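Topology and contacts: notes
Listed below, chain by chain, are the residues.
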Amino acid sequence: MPHRTFSLFILPSLLAMLLFVALPIGSVIYQSLFIEHEQIMVEVENCGPFGCTTERRVDAEAMAQLRAEEPAGRWNGLGTYFNAGHLAFERIGQIWDRTETWGQFLDQAMNLPFYKALGFTLAYTFIVTPFVIILGFCIALGVNALPNLAKGPVIFFSLLPMIVTPLIGSLVLFWMIDSRGIIGATLQTIFGDPTLSLKASPTLTWVTLFVYGVWHSAPFAFVVFYAGLQGVPKDTMESAMVDGASRREQVRFVVIPYLMPLVVFIALMQLMDNFRVFEPIVGFSAEANATSLSYLIYSDLRGQDTPLFASAAATSVLTTLGVIVLLTPVLIRTWRDFNRKA
Amino acid sequence: MTDTTAADAKLIAPRRRRRSATAKPLPLIALSVGFVALWVIAAAFPFLWTAWGSFKVEADFFSRQNWMNAVTGVQTLRQTGEAFTMDGYEGAWIEQEFWRAVINTAIVTFFVTTISLTFGTLGGYALARSGFRYTFWILIMALIFRAMPHVTLVSGYLLPFFELGIWGYLPTTIIVLVAINQPFTLWMLHSFFLSIPKDLDESAMVDGCTRFQAFRLAVIPVMWPGVITTGLFSFLLAYNDFTVTSMLLTAENQTMVPKINSFLGSTQAEGKVMYAVAAVVSAIAPLFVLIMFFQRQIVSGLTAGAVKG
Amino acid sequence: MARLQLKNVNKRWGSYVAVKDFDLDIADQEFLVLLGPSGCGKSTTMRMIAGLEDVTSGEIVLGGRNVNNLEPKDRDISMVFQSYGLYPNLSVYENIRFPLRVRKVPKEQHHEMVMTAIRMVELEPFMDRRPADLSGGQRQRVALGRAIVRKPTVFLMDEPLSNLDAKLRVSTRAQIKNLQSKLKTTTVYVTHDQIEAMTLADRVVVMNKGEIQQVGTPTEIYDNPANTFVASFIGSPAMNLVEGRIEGGTFTGDGITVEGLKAPSGPVTLGFRAEDASIVPSGGQIAAPVYAVELLGEASMITWRLGEQLVSVKTAKDYRAETGQMVEASVPAAICHLFDAETGKALPR
C-alpha cells in the first residue's frame, strides 16, 4: 500500500490517539512541574462601632486573575515529585535514620501515601494475576470435560463477572459481604463473632479486593484457555496416549506446553489491567485500608474542592513509568521477534 | 492384523478392564463437575441474589436477623403489603431521575461504538495491508497506549478541558472514549483483516478498483463478523466506563455508572440504598441480554488476540 | 494484445533482495511460465507486473508504455489468484460482471460479455450460485471467467491450480491451455510445479533466490539445463548429479567411472537423466550394491547410493533385483552433462 493511501486510511484513528492519548501524557508531564499558586493575601481594615480591626484575607479577585494568566500554576520543577505526598525522599531518609530493622523501616515507609498505594497496586497485580491464570485453567479443564449440552450455559454464567461493569460488580459483592448481607452475616455466624467485618481490618480488605479481582478476571483466562484446549493438536495427544502417558502426564507434557503462549498472553493483559486497579476500591469503599496509584490520582482530582492538578499529574507520571517498566520485557520480546522475521 | 492388535492390547493391560480408550475415570468426572458447579455458583449467584433482593425493602435485603428474610420477604410484606415491591426502582428511576443517566449512556455508547468502528476499520485495514515497517511501530505504540491507566489520561485532560470550556459535555466524553478505545480496536481489527485473504481486495484492484473502492466493494461486505465482535467490546468499554465519565461529565450529563456511584455518596446515608441496588440491577440487565445473544462473538473476541500468538 | 518488457527490475525490502536484475522481453501472445521453488521471487515479479508491489528499480513496459507508476486498475491486466479472490457476497454472474461494473463499461454490453465468458468456462448451470456453494474447480473457473470477461492485454495467473486436487489439475490445465490458444492473449503464469510449466509454456523462466537461472523453451530447459539448480529442479525424477573429478577425459566418483568426456581436468559435477541410462549385466559405468528398487507401473527405478548422493536409473517394468545385490548400469559419455563444481554452471559439451 503506498504511503499516501496508508496515511489517509489511518489518519482518523491516529489523530484520535495522538490528541487524546499521546497529548495528555505530555500535558501530565507539563502539569506535574507546576504547583498551585500561593494564596494572595490582602490586609483589610474592618471598622465598626468598637473601632477598627485589621484582617488578613485571600484576595479572590487577584487569585482569579492569576489563575487565568497561568492556569497550570507556578513553576515548581521536580518539587512535587519529592514532596511528602509522592516519593518523599526526606521522610524516607528520616525513617531510615530512625528505624533499626528492615521490617520496621518498611512498615513505616508503607504508611506514606504514595508507597502505600504503590504497595497495594503491586500486591494486587502480582497476586491476582497468577491466581487468575490458575483458576481460569482449572475451570477450562473442568468445562472441557462436561457434556456438550452443558457447556453453553456454563460459559454464559461464567462470562457474567467479567462483562459486568467493575464498579457494579464490586458493589454487588460489597452488599453481600456487608455485615447485614448474606455473606457477611454468614461469616459472623460461622466464626461466632458478631463484630467480624471484612471492611474493618486492612488485611481482610486486601483479601476481599484480591478475591474480587480473581473473580472478575478468571472468566477471561477461562475463555482463552478453553478456546486453546479446542486447538490442542489431536495427533500429539493421541501419540502421547499411544506412548503410554497417563492422563496427568498428557496434561503436563502436551496440553500445558501447547497453552504456554496463551499463558503469556493472559499474563500480559492481566498485568496491564490489574496495574490500573481502581473501580473496586471505589465500589468496596476500601480507600481507608487500600489505595492504588489510580485511586490516588482520582482522589487528588475529585477529593478536594479544587482539584490538585500538580499532585495528580506527578502521580500519573510515576504510574506511567511503572507501566513502561512492566511492559519492557514484552516490548523487548516483540522487538526481537520482529527483527528475526525481518 | 486384528488378532495381533487384540493380543497386544492384552499384553499391555492384562488385568485392568477398559471401558473405552477415551472414557475418563469416574472420580475425575465427579471432581471436574463439582468444581465447575462451584464456579458457576460463585459467578452467577451474586447477580441472581441481588436481582431478587432488588424487589425487597432494605430491612430484608440487609437483614440483621436472618438472611432467609431476603428470600421470603417478611419485612417487605409488612411494609408494603406484598412480597415484592417496585419501591427501589420507582425511587431510582423517577425520584432520582435515573432515566436521564440511561439516556446519556445510550447516547454515549451508540456514538462511541459507531465512531470507534469507523476509525478502527479504516486504520485496522491499512495496518493489515501495508507491508512497511512503520505499521509495526504504530501497533507497538497502540500497545503502550492500551496499557495506560485511564485515570492518568484523565488527569491530563482535566485542566486543558476546563481552559477550553469543553468540560462536562457528552461529545467531549465520546471522543475521549473513542480515542482510549482505539488501540484495542486497531489491534483487534488488524488481526481480523489479516485473516481476510489479500487476494480478495487485490483482485478487485486488478479488476479496476482504487484502493478505497476495493475496500468498499470487496472488503466491507465480508468484514461484518469481525466488526460485530469488535463492536461488542467497544460497546462494553463505553458502557462500563467509570473513570472517564465520572470525571468529565457534569451531574446532569452523567451516565449510569457514575450516577450509581453518586447514589452511594448521597442516597445511602438517607437509607435509600435500595435505590442503588435497583439501579445496579437495571444496569446489569442489558449486559445479561447482550451475553445471551452474543456469547459466541464475545468468546471469539476474547480469544482473537491470543490465537495468533 | 501487447508485448511486455521487464528491464532490469529489482525488488528489495530493506536489505532483503526479493528479485534481482530481472530482465526479460515477453512477446505478444506468448505463454510465459515463471517456475521456481517457493520464495524464489516469481510471485513478487508477477505482482510487480500487476502493480500490487512497487518496483524498487528498473522498468516495466507494457505495450510500449512505462507502467511503473500506474495503479493496478490502470494497467489493463487481469489476474487469477491462488485462492481465487472471489467476492463471497456476489453470485457467479455478478462476480464475472464485477470488472465491467467498476470499469464503467456501458451497461447494455454487460450481459453479452458476461455470458460469453461464462460459456467459455462452462459455468452456465451455476450462474446464480454463490462461491461458497461451488466446488474448488468451479471456483477456479469463476476466477478464470472474471479474468477473460473484458479482453485485457495481459493475463496473470498466480499458481491457479495449486488448490485443486491432482485429477482436476490435469483437466483444468488443459482448459487453460485451450483458452489461451483461443484468446491469444499474452499470459504470464507462475507455478512451482515443473510439469505445469512444461505442458503449458511457450517459454519457461526458471528462478531461484530472486535471480533468473535460465530462460528457454521447455525442451531446451529439459535437455540443456544451464546449471545444477535447473538440472535438479526440472524433470521427474530430477537429473542425477554426482560429484567427482575428471582426469584426462575420465570422470571418477564414488562407484562410478565414465570415460571419453571432453573437458579439462579438475573437480566437476556429472549429471545424467534416469531414463537415458540403462541397466546392463556387466561392463557398466556404475557398479554398486542396490539401495532400493521402486515399481512405478510403466517402469522400474533402481537406486544406488554413490557417496552422499542417491542415483537412479529407469529400466523395464519387469526388472527385479534385491536390495544389496550388485547391479551395473551403462552411463555413456554421450548422455552426460558436466557442471562446474564451484559455480554449478554447465560446461560446454
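As recorded by an unreviewed UniProt entry, chain C carries the name Carbohydrate ABC transporter ATP-binding protein, CUT1 family and is attributed to Wenxinia saemankumensis. The UniProt entry for chain C carries the following comment under Sequence similarities (unreviewed entry): "Belongs to the ABC transporter superfamily."

Identification of chain B as Carbohydrate ABC transporter membrane protein 2, CUT1 family from Wenxinia saemankumensis is taken from an unreviewed UniProt entry. In the Sequence similarities (unreviewed entry) part of its UniProt record, chain B is described as follows: "Belongs to the binding-protein-dependent transport system permease family." Recorded under Subcellular location (unreviewed entry), the UniProt text for chain B is reproduced unchanged: "Cell membrane".

1. Here's the deal with the overall build of chain C
The helix and strand tally for chain C stands at eight helices and 20 strands. Dimensions of chain C, computed from C-alpha atoms along their principal axes, come out at roughly 75 × 45 × 35 Å. Classification of the 349 residues of chain C by burial places 52% in the buried group. Partitioning the intrachain contacts of chain C with sequence separation of at least 6 by distance along the chain shows that 64% fall at a separation of at least 24. Counting every atom, chain C has about 15500 Å² of accessible surface; 48% of that belongs to carbon and sulfur. Both charge centroids of chain C, one from 40 positive and one from 41 negative side chains, sit 8 Å from each other.

2. Here we look at the pairing of strand S3 (residues 31-35) of chain C
All names here are of chain C. Within S3, five of the five residues are buried, which leaves the element mostly enclosed by the surrounding structure. Where burial is concerned, the two faces of S3 agree: the one with Phe-31, Val-33 and Leu-35 and the one with Leu-32 and Leu-34 are both buried. Sheet topology places S3 next to strand S8 (residues 186-191); five bridges connect them, and they run parallel. Paired with Phe-31 across the strands is Thr-187, a residue of S8.

3. A look at the packing of helix H10 (residues 170-195) of chain B against helix H13 (residues 224-240) of chain B
Residues and elements named next belong to chain B. Between H10 and H13, whose axes approach to 10 Å, the crossing angle comes to 155°. For the element pair H10 / H13, the angle class is roughly antiparallel. By crossing handedness, the relation of H10 to H13 is classed as right-handed. Across from Leu-177, Asn-181, Phe-184, Thr-185, Met-188, Leu-189 and Phe-192 in H10, the residues of H13 making contact are Pro-225, Gly-226, Val-227, Thr-229, Thr-230, Phe-233, Ser-234, Leu-237 and Ala-238.

4. A few points about the domain arrangement of chain B
Accessible area lost upon the coming together of the parts serves often as the stated size of an interface. Residues and elements named next belong to chain B. The domain boundaries assigned to chain B delineate domain 1 (30-85) and domain 2 (98-306). A C-alpha centroid distance of 34 Å is found between domain 1 and domain 2. Contact residues are listed per partner, giving ten residues for domain 1 and seven residues for domain 2. Contact between domain 1 and domain 2 buries roughly 650 Å² in total, counting both sides, with carbon and sulfur atoms accounting for 85%. The interface formed by domain 1 and domain 2 contains zero salt bridges. At the junction of domain 1 with domain 2, the criterion picks out zero residue pairs in polar contact (both at pLDDT 80 or more). Here the side of domain 1 that touches domain 2 is built from residues that sort into five nonpolar, three polar and two charged.

5. Regarding the UniProt feature "transmembrane region" (unreviewed entry) in chain B
Mapped onto this numbering, the UniProt entry gives "transmembrane region" (unreviewed entry) at residues 26-49, 101-127, 134-162, 174-196, 217-239 and 273-294 of chain B. As annotated, residues 174-196 of chain B comprises 96% helix and 0% strand, and the C-alpha atoms at either end are separated by 30 Å.

6. Things to note about the interface of chain C and chain B
With 22 residues of chain C at the interface, the matching set in chain B holds 17 residues. Interface area, chain C with chain B, both sides summed: about 1700 Å², of which 61% is carbon and sulfur. At the boundary of chain C with chain B, the tally comes to two salt bridges. Here Arg146(C) makes a salt bridge to Asp207(B), at a shortest N to O gap of 3.4 Å. At the boundary of chain C with chain B, the tally comes to ten residue pairs in polar contact (both at pLDDT 80 or more). For the side of chain C that touches chain B, the elements supplying multiple residues, two or more each, are strand S6 (77-80) and helix H2 (92-102) of chain C. Per-class residue counts for the side of chain C that touches chain B are twelve nonpolar, five polar and five charged.

7. Description of the interface of chain A and chain B
Contacts between the two partners involve 92 residues from chain A and, on the opposite side, 100 residues from chain B. Contact between chain A and chain B buries roughly 9000 Å² in total, counting both sides, with carbon and sulfur atoms accounting for 80%. Per-residue buried area on chain A facing chain B is highest for Phe9(A), Trp175(A) and Arg180(A); these three make up 9% of the total on that side. Across the salt bridge formed by Asp273(A) and Arg146(B), the nearest N and O atoms sit 3.3 Å from each other. At the junction of chain A and chain B, the tally comes to 14 residue pairs in polar contact (both at pLDDT 80 or more). Top contributing element to the side of chain A that touches chain B by residue count: helix H1 (residues 3-32) of chain A, with 18 residues. Class assignment for the residues of the side of chain A that touches chain B results in 68 nonpolar, 17 polar and seven charged.

8. As for the environment of Val92(C)
As for its placement among the helices and strands, Val92(C) is situated in helix H2. Setting aside residues up to four positions removed in sequence, Val92(C) forms contacts with Leu123(C), Phe126(C), Met127(C), Arg129(C), Leu134(C) and Val142(C).

9. Things to note about the environment of Phe235(B)
Residue and element names in this part refer to chain B. Residue placement: Phe-235 occurs in helix H13. As for Phe-235 and Pro-160, which are separated by 75 residues in sequence, their C-alpha atoms are 27 Å apart. Setting aside chain neighbours within four positions, we find Phe-235 in contact with Thr-109, Thr-113 and Leu-290.

10. Points about the packing of aromatic side chains
Within the structure shown, the criterion is met by 55 aromatic pairs over all chains. Both rings, one in Phe82(A) and one in Phe89(A), keep their centres 5.2 Å apart while their planes meet at 35°; by these two values the pair is tilted. Three or more aromatic residues joined by ring pairs form one cluster here, namely Phe9(A), Tyr125(B), Phe192(B), Phe193(B), Phe212(B) and Phe215(B). For Lys56(B), the ring lying beneath its charged end belongs to Phe84(B), and the centroid distance is 4.1 Å. When the ring centre of Phe31(C) is taken as origin, the NZ or CZ atom of Lys177(C), which lies over that ring, is 5.8 Å away.

11. Quick look at the side chain of Thr125(A)
Residues and elements named next belong to chain A. Relative to the assigned elements, Thr-125 resides in helix H6 (residues 113-145). On the accessibility criterion, Thr-125 (0% relative accessible area) is buried. In this structure Thr-125 touches Pro-130, Leu-271, Asn-274 and Phe-275, once residues within four positions along its chain are discounted.

12. Focus: the pattern of salt bridges
Tallying each qualifying case throughout the model produces 18 salt bridges over all chains. For Arg100(B), the salt bridge identified is with Glu97(B), shortest N-O distance 3.3 Å. On the accessibility criterion, Arg100(B) (37% relative accessible area) is partly exposed. For Glu30(C), the salt bridge identified is with Arg203(C), shortest N-O distance 2.6 Å.

Rules used throughout
Residues numbered from 1 in each chain as written. Chains lettered and ligands numbered in written order. Predicted model: local features only at pLDDT ≥ 70, side-chain atom pairs only at ≥ 80, totals over all residues. Heavy atoms only, no water. UniProt positions renumbered as here; feature names shortened; annotations may be inferred. Helix = DSSP H or I, 4+ residues; strand = E, 2+ residues; numbered from the N terminus. Buried < 20%, exposed > 50% of the residue type's maximum accessible area, 1.4 Å probe, protein only. Contact = heavy atoms within 4.5 Å. Areas by Shrake-Rupley, 256 points an atom, 1.4 Å probe, with all protein chains shown as cover. Lys, Arg positive; Asp, Glu negative; His and termini not counted. Charge placed at Lys NZ, Arg CZ, Asp CG, Glu CD. Pairing = 2+ DSSP bridges. Axes fitted to C-alpha atoms, helices over the stretch in contact; angles between N-to-C directions. Parallel < 35°, antiparallel > 145°, perpendicular 65-115°, else oblique. Left-handed = near helix turned anticlockwise from the far one by under 90°. Domains from an automatic or database assignment. Buried area = accessible area lost by both parts, 1.4 Å probe. Salt bridge = Lys/Arg side-chain N within 4 Å of Asp/Glu carboxyl O. Polar contact = N/O pair within 3.5 Å; in protein donor to acceptor, adjacent residues only side chain to side chain. Nonpolar A, V, L, I, M, F, W, Y, C, P; charged D, E, K, R; others polar. Phe/Tyr/Trp six-rings, centres within 6.5 Å; stacked < 30°, edge-to-face > 60°. Lys NZ or Arg CZ within 6 Å of the ring centre and 35° of its normal.

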